[in-house]
Amino acid sequence: ISTHYSPRRYSLQPASVLNPEKLWFSHSHPWLHKDRSSPAKVSFYTHSFSHARAHNTFNCVCLILRHVETFDFDCDLFGVKKIATKWKTAAVAWEANKPLVIEEVKVAPPQAGEVRVKILFTALCHTDAYTWSGKDPEGLFPCILGHEAAGIVESVGEGVTEVQPGDHVIPCYQAECRECKFCKSGKTNLCGKVRAATGVGVMMNDRKSRFSVKGTPIYHFMGTSTFSEYTVVHDVSVAKIDPKAPLEKVCLLGCGVPTGLGAVWNTAKVEAGSIVAVFGLGTVGLAVAEGAKTAGASRIIGIDIDSKKFEIAKNFGVTEFVNPKDHDKPIQQVIVDLTDGGVDYSFECIGNVSIMRAALECCHKGWGTSVIVGVAASGQEICTRPFQLVTGRVWKGTAFGGFKSRSQVPWLVEKYMKKEIKVDEYITHNLTLAEINKAFDLMHEGGCLRCVLKVHE
């Protein structure tokens, strides 16, 4: 058995070959001590005694290590695999609207149907800020936020077959079990298998968290929690991708870019020649514009109150720009006047219920379709005159752009590798996990599309 320990945690002082006939463990044993200066490795030699006695020795080792609970422990004896608890750095949101705190977090081993991932890069999304603000009805504290990331599988729990240690993966907040009523319907990308657990910040297997700080459980977020060096996710919530793909780029394919592209391709199914209006020119809105350009839209009208965004938006396919502050009329009337009766498709990418109404009402009578992409604050309601719908307009919503995560995220990675979709162009800043509060400030200032954080130094 070989055991390896973190240099800043309990370690085992190197010892001579142990006599398994007299093997005995306790906290007071002379070779068990706190050593914060260097890592250590100890080998227990089991060749001189029986299979059964070897397992007894193994169980003794497990017992003491479970008791101490601060070891990194990964060993394999006669096919019996034990996976270490990890002590790793994470950015913890202890309270709403308070700065995130870099903490040393205990990350428990994956249980059955779970995967532990070493997160290498993670990006910030407005959904993280939304929950952090306290406006999210499902927001729980303390928690580890983050849901747009990429990493490498470190270990897997019992029954996990589709990924293995060493695989490059993207954690997916939108699960895909391929077994539930939703997955089998062929009508939606929603999945019901683990939602009951992820919605309350725990894992499905035992309804507990895999994170803790000094004994205090830390809630999971969206089933991903990527603002951490290591995270534990359900196996139905992780997509295996091409190992040649740059993780510092494709981490964006965990949320914002697919949401925008898919809103066009999957939810609205925009046709060539269509006139499209995009409300909000952040990352998701620009991805909508890119998707509409790819679909062959003839006009793509970008609507935003920040005129500085137009030059950037042109690079993603926006052909015209409208700033509502420049007009006295309601913005829906401005768009109707510009388009001889309204647009064929509109997309609300902000999360503002009054803009959702405007997006619907700027659609053409008889066939116009408006897609709600942005997430509104808790308790907000949408409204319009029923006549808007009676006369043929359609109001729809989308989650993760209608993409099935495990099946289609690898396909999106392939499209990026073939230069068929943009990803690099959305990244405006690069920082480290330790600078996460600065990254949130940049996002709120408005000049940041996506800030990618390097998680491991």
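Everything numeric here is computed off the predicted structure, so don't read it as measured data.

**Points about the overall build of the protein chain**
Here's step 1: Scanning the protein chain from terminus to terminus reveals 13 helices and 23 strands.
Here's step 2: By residue count, 54% of the 457 residues in the protein chain fall in the buried class.

**What to know about the sheet that holds strand E12 (residues 211-213)**
Here's step 1: Pairing is antiparallel across the open sheet formed by four strands, whose spatial order is E7-E8-E12-E13. Looking at which strands have only one partner, the edges of the open sheet turn out to be strand E7 (86-92) and strand E13 (216-218). Averaged over all pairs of adjacent strands, the angle between strand axes in this sheet comes to 45 degrees, irrespective of strand direction.

**A few points about the pairing of strand E16 (residues 275-279)**
Here's step 1: Of all five residues making up E16, five are buried, and the element is well covered by its neighbours.
Here's step 2: Residues of E16 alternate between two faces, with Ile 275, Ala 277 and Phe 279 on one and Val 276 and Val 278 on the opposite face, all of them buried.
Here's step 3: Here E16 pairs with strand E17 (residues 299-303) via five bridges, running parallel. Looking at E17, one finds that Ala 277 is bridged to Ile 301.
Here's step 4: For the handedness criterion, the β-α-β arrangement of E16, helix H7 (residues 283-295) and E17 is classed as right-handed.
Here's step 5: Of the pairings in the sheet, the one linking E16 to strand E19 (residues 345-348) comprises four bridges and is parallel in character. Following the sheet pairing, Val 278 is matched in E19 by Phe 347.

**Points about the sheet that holds strand E18 (residues 320-322)**
Here's step 1: Taken together, six strands build an open sheet; the order of strands is E18-E17-E16-E19-E20-E21 and the sheet is parallel. Of all the strands in the sheet, just E18 and strand E21 (394-397) have a single pairing partner and so form its edges. Across this sheet, the average inter-strand angle for adjacent strands is 20 degrees, counted without regard to direction.
Here's step 2: In this sheet, E18 lies alongside E17 in parallel orientation, the contact comprising three bridges. Bridge pairing links Ile 301 to Glu 320 in E18.
Here's step 3: Relative to the sheet, helix H6 (residues 256-268) contacts E19, strand E20 (369-372) and E21, its axis offset from that of E19 by approximately 135 degrees.
Here's step 4: The sheet strands contacting helix H10 (residues 353-361) are E16, E19, E20 and E21, and the helix crosses E19 at an angle near 175 degrees.

**Brief notes about the packing of H6 against H7**
Here's step 1: One way to put it is that H6 packs onto H7 with a least axis distance of 7 Å and a crossing angle of 40 degrees. In terms of axis orientation, H6 runs oblique to H7. The element H6 and its partner H7 pack so that their crossing is right-handed. Every residue of H7 that contacts H6 at Gly 256, Val 257, Thr 259, Gly 260, Leu 261, Val 264 and Trp 265 is listed here: Thr 283, Val 284, Ala 287, Val 288, Glu 290, Gly 291, Ala 292, Thr 294 and Ala 295.
Here's step 2: The class makeup of the residues in the contact of H6 with H7 is nine nonpolar, six polar and one charged.

**Topic: the packing of aromatic side chains**
Here's step 1: Using the criterion set out here, one finds seven aromatic pairs in the structure.
Here's step 2: Taking 5.5 Å as the distance between ring centres and 75 degrees as the angle between the ring planes, the aromatic pair formed by Tyr 173 and Phe 400 counts as edge-to-face. Taken together, the residues span a long stretch of sequence, with Tyr 173 in the loop between strand E11 (168-171) and helix H3 (181-185) and Phe 400 in the loop between E21 and helix H12 (405-417) at a distance of 227 residues.
Here's step 3: Tyr 173 gets classed as partly exposed once you look at its relative accessible area, which sits at 22%.
Here's step 4: Using a relative accessible area of 1% as the deciding quantity, one classes Phe 400 as buried.
Here's step 5: Each ring, one from Phe 310 and one from Phe 321, has its centre 5.2 Å from the other, and the planes form 35 degrees; the classification is tilted.

**Focus on the confidence of the model for the protein chain**
Here's step 1: On average, the protein chain scores 86 in pLDDT, and the residues at 70 or more come to 82%.
Here's step 2: The model gives residues 1-55 a pLDDT under 50, and that stretch makes 101 contacts with residues more than four places away or in other chains.
Here's step 3: Residue range residues 75-80 is modelled with pLDDT below 50. Its contacts to residues more than four positions away, or to other chains, number 17 contacts.

**Observations regarding unusual backbone geometry**
Here's step 1: Between Phe 141 and the following residue, Pro 142, the backbone shows a cis peptide bond with an omega angle of 0 degrees.
Here's step 2: Mapped onto the secondary structure, Pro 142 falls in the loop between helix H2 (126-132) and strand E10 (148-156).
Here's step 3: Despite not being glycine, Lys 269 shows a phi value in the positive range, around 55 degrees.
Here's step 4: One non-glycine residue, Phe 400, lies in positive phi territory at about 55 degrees.

**Quick notes on the nonpolar core**
Here's step 1: In terms of nonpolar packing, the biggest core is built from 52 residues, with Ile 170, Val 250, Leu 252, Leu 253, Val 276 and Phe 347 touching the most fellow members.
Here's step 2: Only strand E9 (114-123), helix H5 (247-250), H6, E16, H7, helix H8 (309-314), E19 and H12 provide two or more residues apiece to this core.
Here's step 3: Excluding residues that lie within four positions of it along the chain, Leu 253 makes contacts with Ile 170, Pro 258, Phe 400, Val 409, Leu 412, Val 413, Ile 421 and Val 423.
Here's step 4: In this structure, Ala 93, Val 107, Tyr 230 and Leu 453 belong to the second largest nonpolar core, which totals 42 residues.

**Focus: the pattern of salt bridges**
Here's step 1: Inspection of every chain in the model, using the stated rule, returns 19 salt bridges.
Here's step 2: Between Glu 138 and Arg 195 there is a salt bridge, with the nearest N and O atoms lying 2.8 Å from each other. With Glu 138 in the loop between H2 and E10 and Arg 195 in helix H4 (residues 195-198), this pair connects stretches of sequence that are 57 residues apart.
Here's step 3: Glu 138 sits in the partly exposed class, given a relative accessible area of 40%.
Here's step 4: Within the structure, one salt-bridge network assembled from shared partners comprises Glu 162, Glu 176, Arg 178 and Arg 406.

Reading the values: rules and limits
- Residues numbered from 1 in each chain as written.
- Predicted model: local features only at pLDDT ≥ 70, side-chain atom pairs only at ≥ 80, totals over all residues.
- Heavy atoms only, no water.
- Helix = DSSP H or I, 4+ residues; strand = E, 2+ residues; numbered from the N terminus.
- Buried < 20%, exposed > 50% of the residue type's maximum accessible area, 1.4 Å probe, protein only.
- Pairing = 2+ DSSP bridges.
- Axes fitted to C-alpha atoms, helices over the stretch in contact; angles between N-to-C directions.
- Right-handed = clockwise from strand over helix to strand, strands pointing away.
- Contact = heavy atoms within 4.5 Å.
- Parallel < 35°, antiparallel > 145°, perpendicular 65-115°, else oblique.
- Left-handed = near helix turned anticlockwise from the far one by under 90°.
- Nonpolar A, V, L, I, M, F, W, Y, C, P; charged D, E, K, R; others polar.
- Phe/Tyr/Trp six-rings, centres within 6.5 Å; stacked < 30°, edge-to-face > 60°.
- pLDDT = per-residue confidence, 0-100.
- Core = buried A, V, L, I, M, F, W, Y, C linked by side-chain atoms within 4.5 Å.
- Salt bridge = Lys/Arg side-chain N within 4 Å of Asp/Glu carboxyl O.

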